[in-house]
Amino acid sequence: MAWIGLVPFFAFLTLFLFIPAFSVFSEALRGANGKFTLDSLREGISGQNLEAFKFSIKFSAGAAFVGVVFGTLLAYAAVITKRPKWLRSLITSFSGVAANMGGLTLAFAFVSLLGRQGVLTKILAALGWDLYSGNFGLGEIPGLITVYSYFNIPLMVLVTIPAIDGLRTSWREACANLGGTTWTYWRRIGLPVLAPSIMGGFLLLFTNSFSAFATARVLTDNSKIVPLRIGFFLGGDLSVGEDSIGYSLAAWMIIVMAVCMWLYWILRRRAEKWQS
Amino acid sequence: MRNLLGKSGPKIVILVTSVFFLLPLLAMTRFAFQNVGVFDLSWSKAFDKWTFDIVSKPFEDQYFTDSLYLSFKIAIGTAALTLGLLIPTAIWVHLRVPKARVLIEFMTVLPYVIPAIALVAGIVVIKPHARWFLNSDLSLIPFYTVLALPFTYRAIDSGLRALELRTLVDASRNLGAGWIRTMLKVIVPNLRSAIISATFLTVAVALGEFTIANVLLKRTFPPFINEYRMREPRAGYALAVLSLLFTIFIFGLLSVALRSPSAKSHQNSTKSREMS
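Residues numbered from 1 in each chain as written. Chains lettered and ligands numbered in written order. Predicted model: local features only at pLDDT ≥ 70, side-chain atom pairs only at ≥ 80, totals over all residues. Heavy atoms only, no water.

Notes on the packing of helix H2 (residues 62-95) of chain B against helix H7 (residues 140-161) of chain B
All names here are of chain B.
Then, number 1: Between H2 and H7, whose axes approach to 8 Å, the crossing angle comes to 45°. Overall, the two elements H2 and H7 adopt an arrangement that is oblique. Two packed elements cross with a definite hand, and for H2 against H7 that hand is right-handed. Of the residues in H7, those touching H2 at Ile74, Gly77, Thr78, Leu81, Thr82, Leu83, Leu86, Ile87, Ala90, Ile91, Val93 and His94 are Leu140, Ile141, Pro142, Tyr144, Thr145, Leu149, Thr152, Tyr153, Ile156, Asp157, Leu160 and Arg161. (Axes fitted to C-alpha atoms, helices over the stretch in contact; angles between N-to-C directions. Helix = DSSP H or I, 4+ residues; strand = E, 2+ residues; numbered from the N terminus. Parallel < 35°, antiparallel > 145°, perpendicular 65-115°, else oblique. Left-handed = near helix turned anticlockwise from the far one by under 90°. Contact = heavy atoms within 4.5 Å.)

A word on the packing of aromatic side chains
Then, number 1: One pass over the full model with this rule turns up 29 aromatic pairs over all chains.
Then, number 2: Each ring, one from Phe72(B) and one from Phe246(B), has its centre 6.3 Å from the other, and the planes form 80°; the classification is edge-to-face. Of this pair, Phe72(B) sits in helix H2 while Phe246(B) is found in helix H13 (residues 233-275), placing the two residues 174 residues apart along the sequence.
Then, number 3: Exposure remark for Phe72(B): the relative accessible area of 35% places this residue in the partly exposed category.
Then, number 4: Here Phe246(B) falls in the partly exposed class, since its relative accessible area comes to 34%.
Then, number 5: Of note, Arg172(A) hangs over the ring of Tyr185(A), and the distance from its end group to the ring centre comes to 4.7 Å. (Phe/Tyr/Trp six-rings, centres within 6.5 Å; stacked < 30°, edge-to-face > 60°. Buried < 20%, exposed > 50% of the residue type's maximum accessible area, 1.4 Å probe, protein only. Lys NZ or Arg CZ within 6 Å of the ring centre and 35° of its normal.)

Re the confidence of the model for chain B
All names here are of chain B.
Then, number 1: Per-residue confidence for chain B gives a mean pLDDT of 85, with 88% of residues at or over 70.
Then, number 2: Ranking the helices and strands of chain B by mean pLDDT puts helix H5 (residues 116-126) first, with 94, and H13 last, with 69.
Then, number 3: In the predicted structure, residues 262-276 sits below a pLDDT of 50 and forms one contact with residues beyond four places in sequence or in another chain.
Then, number 4: Both scores are available for the predicted complex, with the pTM at 0.88 and the ipTM at 0.89. (pLDDT = per-residue confidence, 0-100.)

A look at the environment of Thr247(B)
Residues and elements named next belong to chain B.
Then, number 1: Mapped onto the elements, Thr247 comes out in helix H13.
Then, number 2: For Thr247, a relative accessible area of 26% gives the class partly exposed.
Then, number 3: Among the polar contacts made by the side chain of Thr247, one reaches the main-chain carbonyl oxygen of Ser243 at a distance of 2.7 Å. (Polar contact = N/O pair within 3.5 Å; in protein donor to acceptor, adjacent residues only side chain to side chain.)

Right, here's the structure in full:
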């Protein structure tokens with residue numbers, strides 16, 4: 001009886017989340033004749049679609065790696081810098097804004113900085129370094145990593161600050177008393193305690209980069225980016241049967257996200273052990 | 001024992017990241033508000049011809065006010081639906097079915113697994129069967145509620161955790177108040193800061209959402225900016241700067257609104273714990 005109060009919530013989720021998600025799979029699993037088939041799912045990860053997944057996984061992993069390294073460094077710097085006092089709260093509040101800033105504004109900002117007519121592009125060109133002489137582009141891997149770092153680094157700061165706060169001074173003292181150096185402390189205590197948070201952060205940033213649509217849409221028309229590819233299939237005038245590939249890509253995307261979030265869930269449980 | 005980054009390490013990390021975070025914003029601001037060719041980069045001209053006249057330009061466009069109005073309507077609707085759905089559900093979970101807590105928490109992070117681009121693929125599938133609903137621009141409201149769920153549920157849930165909910169409800173019921181009165185007069189005022197932060201988060205999500213609106217061809221504000229900046233680059237970028245300032249303003253307001261009362265309520269709760 002007690003569960004009856006949850007009916008509105010579950011009804012809402014069913015209508016606006018489960019049914020759409022389920023429809024993606026049912027559409028991806030249906031052939032042109034309406035019968036069940038795995039053909040489109042198979043096609044979703046072959047040929048150009050496979051290339052798109054490889055490309056997206058590559059830049060998302062790169063963006064996640066850069067975000068983890070700089071995010072952790074920045075979080076650590078924010079925690080150990082005691083003065084000025086407002087610095088830490090400035091860093092966390094700014095991170096709160098920037099982590100949510102993905103989308104149009106961010107893309108506009110980077111186009112005006114590093115686009116073909118961007119300010120920095122021009123300054124570098126004046127100094128003799130032509131960025132666009134090679135295959136640099138905001139829609140290629142180095143460009144995407146740079147832009148996505150703008151929301152990935154702050155997100156990493158937000159998720160690792162509590163973990164770094166959880167490192168107790170007494171552990172450090174205990175290590176020093178037992179003759180350990182800074183290096184021993186980090187190798188034997190600091191990093192192992194932080195490891196689940198850092199790995200969890202990597203997964204979070206990876207899913208964040210992999211699923212971003214708005215930023216990528218403004219930066220580029222590169223159809224090797226999976227969310228853009230899905231968008232093209234959904235919006236385009238396609239011959240009958242071809243649109244099922246869009247759903248198949250979306251289904252694979254949900255599968256990738258589900259695996260990452262499942263791992264993240266496990267890691268977070270482990271990370272929280274030290275944060276009470 | 002020394003810290004990992006040495007003496008000046010943290011300062012360098014903070015400095016380098018601030019440059020990275022400021023440059024794109026500066027470039028975008030300059031592009032929007034300085035009326036010079038992109039090539040004029042010499043220092044002597046760096047402060048010439050700054051003008052804010054461009055801000056009035058979008059008002060000449062009829063779609064500007066329409067799309068802004070629509071986005072605000074959707075944002076208010078999303079906030080209302082979020083609060084109306086989540087507060088009763090979260091209270092019910094806390095009082096009646098604590099067992100369901102993990103399940104509900106799991107449900108609320110599902111939007112990470114089914115990102116906007118996959119959700120909208122599902123919406124496109126069901127569209128032929130629900131045109132009467134999806135043709136309305138306001139049909140975006142429930143989907144934006146879903147997208148904001150991971151943030152909003154957590155805000156309300158942690159607000160409830162900080163309360164002595166059972167005691168409050170029992171006291172109110174013993175004094176003769178019905179359920180509705182208990183909720184509106186006792187629980188909601190105590191949840192003030194959680195409600196404020198959930199509202200701001202929803203508004204930020206609803207005002208900035210691009211993916212779903214873009215694919216479903218709804219003329220909300222973000223798709224408008226994107227289309228507008230192709231016609232009027234400078235004015236489009238100026239709008240982006242303004243909307244960024246608005247977001248920062250919202251988050252600033254949020255941190256001010258939350259700081260004083262939550263600090264007070266924290267003191268109160270520790271005090272009451274000492275007394276009991």
